[in-house]
Number of protein chains: 2
Amino acid sequence: MESAEQKNTQQRLEALTDALHSGAADKVRQLLSVLHPAEIGDLLESLPHGPRELLWELVPSEEQGEVLVEVNDEVRSGLIDEMETHELVQATGGLDTDDLADLLHDLPGAVIHELLLSMDKQNRQRLEAALSYPEDTAGGLMDLDVVTVRANVSLDVVLRYLRLRGEIPELTDSLFVVNRFDHLQGLLPLSTLLTNDPEASVAEVMNRDVEGIPATMKSIDVARLFQDRNLVSAPVIDENNKLLGRITVDDVVDVIRDEAEHNIMSMAGLDEEDDIFAPVVTSARRRAVWLGVNLATAFLASWVIGLFESTLDKVVALAVLMPIVASMGGIAGSQTLTIMIRGLALGQVGSSNARSLMLKEIQVSIMNALIWSLVVAVIAMAWFQNMDLGLIIGAALIINLIFAAVAGFTIPLILKRVGVDPALAGTVLLTTVTDVVGFVAFLGLGTWYLT
Amino acid sequence: MESAEQKNTQQRLEALTDALHSGAADKVRQLLSVLHPAEIGDLLESLPHGPRELLWELVPSEEQGEVLVEVNDEVRSGLIDEMETHELVQATGGLDTDDLADLLHDLPGAVIHELLLSMDKQNRQRLEAALSYPEDTAGGLMDLDVVTVRANVSLDVVLRYLRLRGEIPELTDSLFVVNRFDHLQGLLPLSTLLTNDPEASVAEVMNRDVEGIPATMKSIDVARLFQDRNLVSAPVIDENNKLLGRITVDDVVDVIRDEAEHNIMSMAGLDEEDDIFAPVVTSARRRAVWLGVNLATAFLASWVIGLFESTLDKVVALAVLMPIVASMGGIAGSQTLTIMIRGLALGQVGSSNARSLMLKEIQVSIMNALIWSLVVAVIAMAWFQNMDLGLIIGAALIINLIFAAVAGFTIPLILKRVGVDPALAGTVLLTTVTDVVGFVAFLGLGTWYLT
């Protein structure tokens, strides 16, 4: 039998929904007791309103703070709205300053006021430090749970210091070696500490071949660094090499997943921080914006078609076939677009190889244009018993597929240059191009040739 | 000035391309010397053929094996093709068995034969063990670098054992406590080892509240577990609780990123393991399949339009406006589809909440259908000075947006049930539905009302 830890979110959700429905509060508490805050967060996000608030009531108050850190922005502010000031102060009072920094902007003023009053000076300074860096930088990701040692002491002294300390922060794989100005000098991995002669000095065994992560580094570059170098934790420094804090792999994993979700959701004009069970009006309003943008481009395409109204009136077969030209362009272009969006996100595409890649994409599109225009031309000829129609749709398809490759390649580069997220705006712009070019090419050739 | 470690892939790529172009082999070697295998892999993937092979020649042979593990499948087999048997044996001979297992199917038979001959019995058994689990399970992810201790010894004995051992495998945050049958009894985190009295026994301080990961667990569930519980490493067990190996967070990060890339690439019919600089013919052939599938659905839509040829002949305005109905349906449906694909991937959507979510999606779509059909109707009336045309397009849009929500919700559930990847086939099926329903509704109403 699988134990509660080994269940996945879906299985837990079913057990929990059953328990909530039957009003078995003890059963719910028991199910929650084996779960970690992130897992409780997953469940809250997956529950519709009603059951969600019911479950929240049953989350032990000492865990509520950490659960709030884990859920997405919209679910979080919904849960916070449910809570009284004193409950919020109690739930968030025990959080690490970096976690508190993440949810501070969602807390009511009264709660922030009380929290600040209850903090000692050191923690208030830490909170200010955490708030002073943008969320998407190394400084915004870091926590302050660093254990530092000096280079001139012996490993035995370090071992005794750790025993005296009594605990080591989670996800510590290395101690940071600093001088008296707090400048980073090296790392002392726990494994080094454990496998070397206690009489050796830190300076003799430490890893000097280490550079701190600048607090201003983008979190996406931090993620890449952790991934490429298999890091568990890494020191964060300021421009003078002074140790500011550390980044741990758990936060990096969150960055990677958020980034990936952001890309997928953006392509459909959605936000990964939205509540899937947001009120209908809220969801409808959000999606309306995206539909409106797309409607504008659809009308643009219609307007283009309208220019050829008299042609369509004479050759109705053009109306029947025209979606094929537009649709094939959209599909082919989205393949190039996707490769570009991913390549830009990974840093794999840039000025040094852009020309080679563009050349390759255009060659691929020409090859596919030739194959599929032939297929489409033959089918169109057979269907409408009209040789000219086949030639026209074949030619239009070749034109549109080549434009699609160029647009799929160029649009994300331009969007990135002007600071717009290619994943968000890329698809809309691309289909606008492929629709307009497709209709103009096909109906234009048709007008010139058939009427 | 930024140092080489802090450059991102793009900046490194530019420096490297310059050096390769100017033939400065020493400069290239120097740039490579500070990079990790994964970073060299990124660069190889980003280089077109020619420079890529040039760079590969300059990668030190002792690093080539690890770089091969890091690059994607297609780039890997290209690089392997460049190498002689003895070079491959040399490059891969030093790899861990789990890494070797990953690339074994890409190696020529002669190389595998030599590798097996050169292995001792223990390593051959390890390799067999690694090959006996599917790649996408905990067993396929695990490595065998575990450090085990017995519960009845003192921490001091453990500390002396580690010093004697001289090294601890990378990414070890815990020692695994086993009995004499190798059954998992608990974890001894290094932090516990370092902060407790050396006279204490392992049994007194170990973490018993731990379950091993079954070797058959899906890697995507393993990833979720690591993410939710902030793990660095975790023991893998068989059905009898016998310790088989361990999974480390670096491999989990790769699972998360691969999964995310897979979803994005699948949506455009692409494979994340393909080389972006594959030969033009290879790329064209791969993409041709996707274009062909989409062409079939485009012809289906055209055929539907063709059923209304005589109507279009009479009312050409229908031809001008019809792409709007189809396109809006596709956009609205893809929003629901994306939410479902993500929800299914995260385990957030299942039988317990499917009904609530479907109800919500339909309500959202009705609300947007009402808003946008009104807008479209008014514009169509004004444009064509035809009241009926406005009413018809408004009604068709309402019908299509509701169908789009139902299809966006149902298609991924059905695909998952029949074992097809919703990210791959979802969009094609959805647009087929929204195109067909859109054209039938709009042209059908037009035929009935206007002719």
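Residues numbered from 1 in each chain as written. Chains lettered and ligands numbered in written order. Predicted model: local features only at pLDDT ≥ 70, side-chain atom pairs only at ≥ 80, totals over all residues. Heavy atoms only, no water.

1. Observations regarding the overall build of chain A
If you tally the helices and strands in chain A, you get 22 helices and six strands. A compact globule built from 451 residues should have a C-alpha radius of gyration of about 22 Å, whereas chain A, at 29 Å, is more than 25% larger. Structurally, chain A occupies a C-alpha span of about 90 × 60 × 50 Å along its principal axes. Taking all 451 residues of chain A together, 57% fall into the buried category. The long-range share in chain A, meaning contacts at least 24 apart out of those at least 6 apart in sequence, stands at 66%. By element, 55% of the accessible surface of chain A is carried by carbon and sulfur atoms, the whole surface being about 18800 Å². A gap of 6 Å separates the mean positions of the 30 positive and 63 negative side-chain charges of chain A. (Helix = DSSP H or I, 4+ residues; strand = E, 2+ residues; numbered from the N terminus. Rg over C-alpha atoms; globule rule 2.2 N^0.38 Å. Buried < 20%, exposed > 50% of the residue type's maximum accessible area, 1.4 Å probe, protein only. Contact = heavy atoms within 4.5 Å. Areas by Shrake-Rupley, 256 points an atom, 1.4 Å probe, with all protein chains shown as cover. Lys, Arg positive; Asp, Glu negative; His and termini not counted. Charge placed at Lys NZ, Arg CZ, Asp CG, Glu CD.)

2. Side note on the sheet that holds strand E2 (residues 174-178) of chain A
Spatially, E1-E2-E3 (chain A) is the arrangement adopted by the three strands of the open sheet, whose pairing is mixed. Looking at which strands have only one partner, the edges of the open sheet turn out to be strand E1 (148-149) and strand E3 (184-189) of chain A. (Pairing = 2+ DSSP bridges.)

3. Things to note about the sheet that holds strand E1 (residues 148-149) of chain B
All names here are of chain B. Read across the sheet, three strands follow the order E1-E2-E3 without closing on themselves; strand pairing throughout is mixed. Whereas interior strands pair on both sides, the edge strands pair on one side only; in this sheet they are E1 and strand E3 (184-189). Judged from the five bridges that link them, strand E2 (residues 174-178) and E3 form a sheet pairing that is antiparallel. Following the sheet pairing, Phe176 is matched in E3 by Leu187.

4. A word on the relation of the copies chain A and chain B
Between chain A and chain B, which share one sequence, the superposing operator has a rotation angle of 180 degrees and an axial displacement of 0.0 Å; the RMSD is 0.1 Å. The operation mapping one copy onto its partner corresponds to a two-fold rotation axis. Most of the interface of chain A is mirrored in chain B, where 100% of its interface residues again form contacts. (Least-squares fit on C-alpha atoms with pLDDT ≥ 70 in both.)

5. Comments concerning the nonpolar core
Within the largest apolar cluster, 82 residues are counted, with the highest numbers of intra-cluster contacts made by Leu312(A), Leu321(A), Phe442(A), Leu443(A), Leu321(B), Phe442(B) and Leu443(B). Setting aside residues no more than four positions away along its own chain, Phe442(A) makes contact with Leu318(A), Leu321(A), Met322(A), Val325(A), Ile392(A), Ile393(A) and Ala396(A). Ala234(B), Val249(B), Val253(B) and Val255(B) belong to the second largest nonpolar core, which has 40 residues in total. (Core = buried A, V, L, I, M, F, W, Y, C linked by side-chain atoms within 4.5 Å.)

6. Side note on the packing of aromatic side chains
Evaluation of the coordinates by the stated rule reveals six aromatic pairs over all chains. Considering the side-chain rings of Trp383(B) and Phe384(B), the 4.8 Å spacing of their centres and the 25 degrees angle between planes classify their relative orientation as stacked. Residue classification places Trp383(B) among the partly exposed positions, given a relative accessible area of 31%. Classification of Phe384(B) as buried rests on a relative accessible area of 17%. Seen from their ring centres, Trp448(B) and Tyr449(B) are 5.7 Å apart, and the 50 degrees between their planes marks the pair as tilted. The partly exposed category is assigned to Tyr449(B), whose relative accessible area is 43%. Three or more aromatic residues link up through ring pairs in this structure, and these residues are Phe299(A), Trp383(B) and Phe384(B). (Phe/Tyr/Trp six-rings, centres within 6.5 Å; stacked < 30°, edge-to-face > 60°.)

7. Comments concerning the interface of chain A and chain B
Opposite the 126 residues of chain A that make contact, chain B presents 126 residues. For the pair chain A and chain B, the number of links is eight salt bridges. Note that Glu39(A) is salt-bridged to Arg229(B), the shortest N-O span being 2.7 Å. Looking at side-chain class alone, the side of chain A that touches chain B contains 65 nonpolar, 36 polar and 25 charged residues. (Salt bridge = Lys/Arg side-chain N within 4 Å of Asp/Glu carboxyl O. Nonpolar A, V, L, I, M, F, W, Y, C, P; charged D, E, K, R; others polar.)

8. Description of the UniProt feature "transmembrane region" (unreviewed entry) in chain A
All names here are of chain A. When the UniProt feature table is mapped onto this chain numbering, "transmembrane region" (unreviewed entry) sits at residues 288-308, 320-345, 366-384, 390-415 and 427-450. Secondary structure across residues 288-308 divides into 90% helix and 0% strand, with the first and last C-alpha atoms of the span separated by 30 Å. As annotated, residues 427-450 has a helix share of 100% and a strand share of 0%, and its two end C-alpha atoms lie 33 Å apart. (UniProt positions renumbered as here; feature names shortened; annotations may be inferred.)

9. Details of the UniProt feature "domain: CBS" (unreviewed entry) in chain A
The UniProt feature table records "domain: CBS" (unreviewed entry) at residues 206-264 of chain A. Helix makes up 46% of residues 206-264 of chain A and strand 22%. Its end C-alpha atoms lie 42 Å apart.

10. Thoughts on the domain arrangement of chain A
Assigned domains within chain A: domain 1 (4-138), domain 2 (148-267) and domain 3 (280-450). Domain 1 of chain A and domain 3 of chain A are separated by 46 Å when their C-alpha centres are compared. (Domains from an automatic or database assignment.)

11. Quick notes on the pattern of salt bridges
Counted according to the given criterion, the structure contains 30 salt bridges over all chains. For Arg224(B), the salt bridge is made with Asp42(A), and the minimal N-O distance between the two is 2.7 Å. Taken together, the residues span two chains, with Arg224(B) in helix H15 (residues 219-229) and Asp42(A) in helix H3 (residues 37-46). The two residues Arg224(B) and Asp42(A) agree in class, both being buried. The salt bridge involving Arg246(A) is made with Asp143(A); its shortest N-O contact spans 3.1 Å. Here Arg246(A), found in strand E6 (residues 243-248), pairs with Asp143(A), found in the loop between helix H11 (138-141) and E1; they are 103 residues apart in sequence, far enough to count as distant.

12. What to know about helix H22 (residues 422-450) of chain A
Here H22(A) is 29 residues long and its end C-alpha atoms lie 39 Å apart, about the 42 Å a rise of 1.5 Å per residue gives. Two to three positions downstream of the cap, the backbone nitrogen of Ala423(A) sits 3.0 Å from a side-chain oxygen, assigning the N-cap of H22(A) to Asp421(A). (Expected span 1.5 Å × (residues − 1). Polar contact = N/O pair within 3.5 Å; in protein donor to acceptor, adjacent residues only side chain to side chain.)

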